[in-house]
Amino acid sequence: MRFDSGNFIYTCKPAISFLPKSNATYYLHNYIRDNKCYMEVVKDDKSTEIGLAFEPSIGPRDCFPAKDKN
Amino acid sequence: MTYIFRLLIATSFLGGCATSYQSTGFTGGHSLQNGYGRLEKISFAGNGFITPDKVQKYALYRCAEVANEKKKAYFLMYETLVKASLGESTKLPTIGAVGNKPNAFAFVLFLDESRPGALKTAEVIADLSELVTPSKQ
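Residues numbered from 1 in each chain as written. Chains lettered and ligands numbered in written order. Predicted model: local features only at pLDDT ≥ 70, side-chain atom pairs only at ≥ 80, totals over all residues. Heavy atoms only, no water.

Participant: Describe in detail the nonpolar core, supporting the description with residues and values.
Facilitator: Counting residues in hydrophobic clusters, the biggest one holds 24 residues, and the most contacted among them are Leu 60, Cys 63, Phe 75, Met 77, Val 108, Phe 110 and Val 124 of chain B. Those elements that provide at least two residues to this core are strand S2 (39-45), helix H2 (52-69), strand S3 (74-78), strand S5 (101-111) and helix H4 (121-132) of chain B. Looking at this core element by element, the count peaks at 9 residues for H2 of chain B. Val 108 of chain B has contacts with Arg 38, Leu 39, Glu 40, Ile 42, Cys 63, Phe 75, Leu 76 and Met 77 of chain B, leaving out every residue within four places of it along the chain. Core analysis: the next-biggest nonpolar cluster, separate from the first, contains 18 residues, Tyr 27, Ile 50 and Leu 52 of chain A together with Ala 118 of chain B among them. (Core = buried A, V, L, I, M, F, W, Y, C linked by side-chain atoms within 4.5 Å. Buried < 20%, exposed > 50% of the residue type's maximum accessible area, 1.4 Å probe, protein only. Helix = DSSP H or I, 4+ residues; strand = E, 2+ residues; numbered from the N terminus. Contact = heavy atoms within 4.5 Å.)

Right, dumping it as structure tokens:
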């Protein structure tokens, strides 16, 4: 948090990883709960009652860490 | 010193400016977003003079109010899209804050019939109407 020109500026950097498939539609949602920020992904699925379905490939950031340069 | 004095005066005037139950305005309010499958995201944002508990109840009331407008006797709330996709409903909207400004939201599915976890529209409105629009005495 910082104070700039009379305004408090808050920053937050949520992250998530998933493996998207071609021709699929996904919903990305950012939100704040308590004093933390989160990001979530679900996939579009019109066959379900709510029109959405759980995306099984979601995981924490850096699912695929960069390879060593050596 | 003068700055502190002015700040105290301004704060004393603003102390009575807690967010009231309203659509989104200068001090906050409720809003609605479509587009999450068949769910609607209903939010209520408060300023620094309203408690998180009250913001959460305002958001809950707004969910019931929208259900009533749609003539739906029941509604299901979900804290997040992932919980919605897993069928895990909630009784209260998710509450969070940026600094000292609380914000509550829920993803809502409107229903004609009751099912486990669903809230009754008329009951929520009746329970919270006094909080939302206090009667003058």
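What follows picks up the thread again.
Participant: Could you give me a rundown of the pattern of salt bridges, with the residues and numbers involved?
Facilitator: For the coordinates displayed, the defined rule picks out 8 salt bridges over all chains. Residues Arg 115 of chain B and Glu 49 of chain A are paired through a salt bridge, measuring 2.6 Å at the closest nitrogen-oxygen approach. One end of the pair, Arg 115 of chain B, is in the loop between S5 and strand S6 (119-120); the other, Glu 49 of chain A, is in the loop between strand S4 (36-44) and strand S5 (52-54), on a second chain. Accessibility expressed as a relative area gives 42% for Glu 49 of chain A, which makes it partly exposed. Overlapping salt bridges bring together Arg 62, Glu 65 and Glu 69 of chain B as one network. (Salt bridge = Lys/Arg side-chain N within 4 Å of Asp/Glu carboxyl O.)

Participant: Outline the layout of surface pockets, supporting the account with residue identities and numerical values.
Facilitator: The calculated volume of the second largest pocket comes to roughly 180 Å³. Forming the walls of the second largest pocket are 11 residues, and the residues nearest its centre are Tyr 10, Thr 11, Cys 12 and Ile 32 of chain A together with Val 98 of chain B. Of all elements in the fold, only S4 of chain A together with strand S4 (94-98) of chain B reach the threshold of two or more residues within the lining of the second largest pocket. A class-by-class count of the residues in the lining of the second largest pocket yields 7 nonpolar, 3 polar and 1 charged. (1 Å grid on protein atoms, 1.4 Å probe; cavity = no way out; pocket = protein on both sides within 12 Å on 5 of 7 lines; lining within 4 Å. Points joined across faces, edges and corners; volume = space filled by probe spheres on them. Nonpolar A, V, L, I, M, F, W, Y, C, P; charged D, E, K, R; others polar.)

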